[in-house]
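So the chains spell out like this:
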Amino acid sequence: MGSSNKDGMDSTNKMIKTPEQILKIMKAAAMGDICFSHILEFVKPGMTELEVADEIERTLRGLGADGLSFPTICVSGVNTTEPHGEPSDKVIENGDFLTMDFGAIVEGYCGDMTRTIGIGQLTEKQRKIYDIVLRSQLAGLAACKAGVKCSDVDAASRNIIKDEGYGQYYVHGTGHGVGTEVHEPPTLNGRSDEILEEFMPVTVEPGIYIPGEFGVRIEDLAIITEFGIINAVKSQKSLIII
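Residues numbered from 1 in each chain as written. Predicted model: local features only at pLDDT ≥ 70, side-chain atom pairs only at ≥ 80, totals over all residues. Heavy atoms only, no water.

Digging into the confidence of the model for the protein
In low-pLDDT segments, the atomic positions of the prediction should not be examined closely.
Link 1 in the chain: Averaged over every residue, the pLDDT of the protein is 95; the share at 70 or more is 95%.
Link 2 in the chain: Contacts for the low-pLDDT stretch residues 1-9, under 50 throughout, to residues beyond four places or in other chains number eleven contacts. (pLDDT = per-residue confidence, 0-100. Contact = heavy atoms within 4.5 Å.)

So, in structure tokens, the structure goes:
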């Protein structure tokens, strides 16, 4: 049973979305996928983070988004070590990771996705860290289904990263609910006592952030079902290098 908020609404009821609400969230996610495909064709070394962030936002609005779920994160190189870094005049260079975290709003409901791509030549360490984060993210998604503790989903993702020796660089929770706000209950972290229920939309977004070097985050938006998830984000997750 969920606790009641000050408006008297059962907070669990708010976390569980109606089919109509889920459709709006999935439309927002689909806009994100189309935008990401466009950006893969658009981005080139020599552009600034701000130029790419502006193109992401222009594209989402052009697709019919009513607004943006949050200010677009578009960071490259050492700036990818900041989970909530803001786009800057930094030039995107060969050898950089480029992390893009963005979302459209459709009829009041938010999308949210993150992809990290490589620019030019990457090091073996960069490729290794990307692979660890991807395996962590897939493990988190696989752990999601109705009846599962949010803390267990966090553990499924986090243990992959901890076992590889990078646990100290995973500095945030694994995910959160999404609705009319981009960050809503439930919270997928090690302290959460919440239980996933059918038709809760949640993100799964592990990351590794190595100070002074680079970071990687991969995020999808999953609709919880009795049998697992329906992933609203379809964009490729195997490492893309442009």
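Quick look at helix α3 (residues 49-62)
The periodicity of an α-helix, 3.6 residues per turn, causes residues three or four positions apart to be oriented the same way.
Link 1 in the chain: In this model α3 runs 20 Å from its N-terminal to its C-terminal C-alpha over 14 residues, within 8% of the 20 Å that 1.5 Å per residue would give.
Link 2 in the chain: Its buried side turned inward, α3 meets α2 (19-42), β1 (67-68), β2 (73-76), β3 (97-102) and β4 (104-106). (Helix = DSSP H or I, 4+ residues; strand = E, 2+ residues; numbered from the N terminus. Expected span 1.5 Å × (residues − 1).)

A closer look at the sheet that holds β4
What holds strands together in a sheet is hydrogen bonding between their backbones, with the strands either parallel or antiparallel.
Link 1 in the chain: Strand order in the open sheet formed by three strands is β1-β4-β5, and the pairing between neighbours is antiparallel. Edge positions in the sheet fall to β1 and β5 (109-110), since each has one partner strand and no second.
Link 2 in the chain: Relative to β5, β4 is paired through two bridges, and the arrangement is antiparallel. Bridge pairing in β5 links Val106 to Tyr109. (Pairing = 2+ DSSP bridges.)

Digging into the nonpolar core
Link 1 in the chain: The biggest cluster of nonpolar side chains holds 37 residues, and the ones touching the most others in it are Val52, Leu60 and Met100.
Link 2 in the chain: Listed by contribution, the elements that provide at least two residues to this core are α2, α3, β3, β4, β5, β6 (113-118) and β12 (220-224).
Link 3 in the chain: The greatest single-element share of this core, amounting to eight residues, is contributed by α2.
Link 4 in the chain: When near neighbours in sequence (up to four residues on either side) are disregarded, Met100 contacts Phe36, Ile39, Val52, Ile56, Ile73, Cys74, Met113, Thr114, Arg115 and Ile117.
Link 5 in the chain: The next biggest cluster of nonpolar side chains, apart from the first, holds 15 residues, and it includes Ile129, Tyr130, Ile132 and Val216. (Core = buried A, V, L, I, M, F, W, Y, C linked by side-chain atoms within 4.5 Å. Buried < 20%, exposed > 50% of the residue type's maximum accessible area, 1.4 Å probe, protein only.)

Here we look at the pairing of strand β8 (residues 184-188)
Within a regular beta strand, the side chains point alternately toward one face of the sheet and then the other, so they alternate between its two faces.
Link 1 in the chain: With three bridges connecting them, strand β7 (residues 175-177) and β8 associate as antiparallel partners. Directly across from His176, in β8, lies its bridge partner Thr187.
Link 2 in the chain: What sits between the antiparallel neighbours β7 and β8 is a turn of six residues.

Brief notes about the sheet that holds β6
Link 1 in the chain: Read from one edge of the open sheet, three strands run β2-β3-β6, paired in antiparallel fashion. This sheet does not close on itself; its edge strands, each paired only once, are β2 and β6. Taking the axes of each pair of neighbouring strands and ignoring which way they run, one obtains an average angle of 10 degrees across the sheet.
Link 2 in the chain: α2 contacts β3 and β6 of the sheet and is inclined by roughly 15 degrees relative to β6.
Link 3 in the chain: Docked against the sheet, α3 engages β2 and β3, running at close to 150 degrees with respect to β2. (Axes fitted to C-alpha atoms, helices over the stretch in contact; angles between N-to-C directions.)

Some thoughts on α2
Link 1 in the chain: The terminal C-alpha atoms of α2 lie 34 Å apart, and with 24 residues this matches the ideal 34 Å at 1.5 Å per residue to within 8%.
Link 2 in the chain: Looking only at α2, the buried set comprises Gln21, Ile22, Ile25, Ala28, Ala29, Met31, Gly32, Asp33, Cys35, Phe36 and Ile39.

Observations regarding the packing of α2 against α3
Link 1 in the chain: In the contact formed by α2 and α3, the axes pass within 9 Å of each other and the chain directions differ by 140 degrees. With respect to each other, α2 and α3 are oriented oblique. Seen along the crossing, α2 lies across α3 with a hand that is right-handed. Across the interface between the two elements, Met31, Gly32, Cys35, His38, Ile39 and Phe42 of α2 pack against Glu51, Val52, Glu55, Ile56, Arg58, Thr59 and Leu60 of α3. (Parallel < 35°, antiparallel > 145°, perpendicular 65-115°, else oblique. Left-handed = near helix turned anticlockwise from the far one by under 90°.)

Thoughts on the packing of aromatic side chains
Link 1 in the chain: Summed over all chains, the structure comprises three aromatic pairs.
Link 2 in the chain: Three or more aromatic residues joined by ring pairs form one cluster here, namely Phe97, Tyr130 and Phe214.
Link 3 in the chain: The side chain of Arg158 reaches across the aromatic face of Tyr170, ending 3.9 Å from its centre. (Phe/Tyr/Trp six-rings, centres within 6.5 Å; stacked < 30°, edge-to-face > 60°. Lys NZ or Arg CZ within 6 Å of the ring centre and 35° of its normal.)

Details of the pairing of strand β9 (residues 201-204)
Link 1 in the chain: Here β9 shows two buried faces, one formed by Pro201 and Thr203 and the other by Val202 and Val204.
Link 2 in the chain: Both β9 and β12 contribute to a ladder of four bridges, which runs antiparallel. By the bridge assignment, Pro201 is partnered in β12 with Ile223.

Concerning the environment of Gly175
Link 1 in the chain: As for its placement among the helices and strands, Gly175 is situated in strand β7.
Link 2 in the chain: For Gly175, the contacting residues outside a window of four places in its chain are Thr187, Leu188, Thr203 and Glu205.

So, the pattern of salt bridges
In a structure, side chains of opposite charge can pair up when their charged atoms sit close to one another.
Link 1 in the chain: Throughout the structure, instances matching the rule amount to 14 salt bridges.
Link 2 in the chain: The salt bridge partner of Lys17 is Glu184, with a shortest N-O separation of 3.3 Å. In this pair, Lys17 sits in the loop between α1 (11-15) and α2 while Glu184 sits in strand β8, placing the two residues 167 residues apart along the sequence. Like Glu184, Lys17 is buried.
Link 3 in the chain: The salt bridge partner of Glu205 is Arg217, with a shortest N-O separation of 3.9 Å. Taken together, the residues Glu205 in the loop between β9 and β10 (207-210) and Arg217 in strand β11 (residues 214-217) connect sequence positions twelve residues apart.
Link 4 in the chain: Since its relative accessible area comes to 10%, Glu205 is described here as buried. (Salt bridge = Lys/Arg side-chain N within 4 Å of Asp/Glu carboxyl O.)

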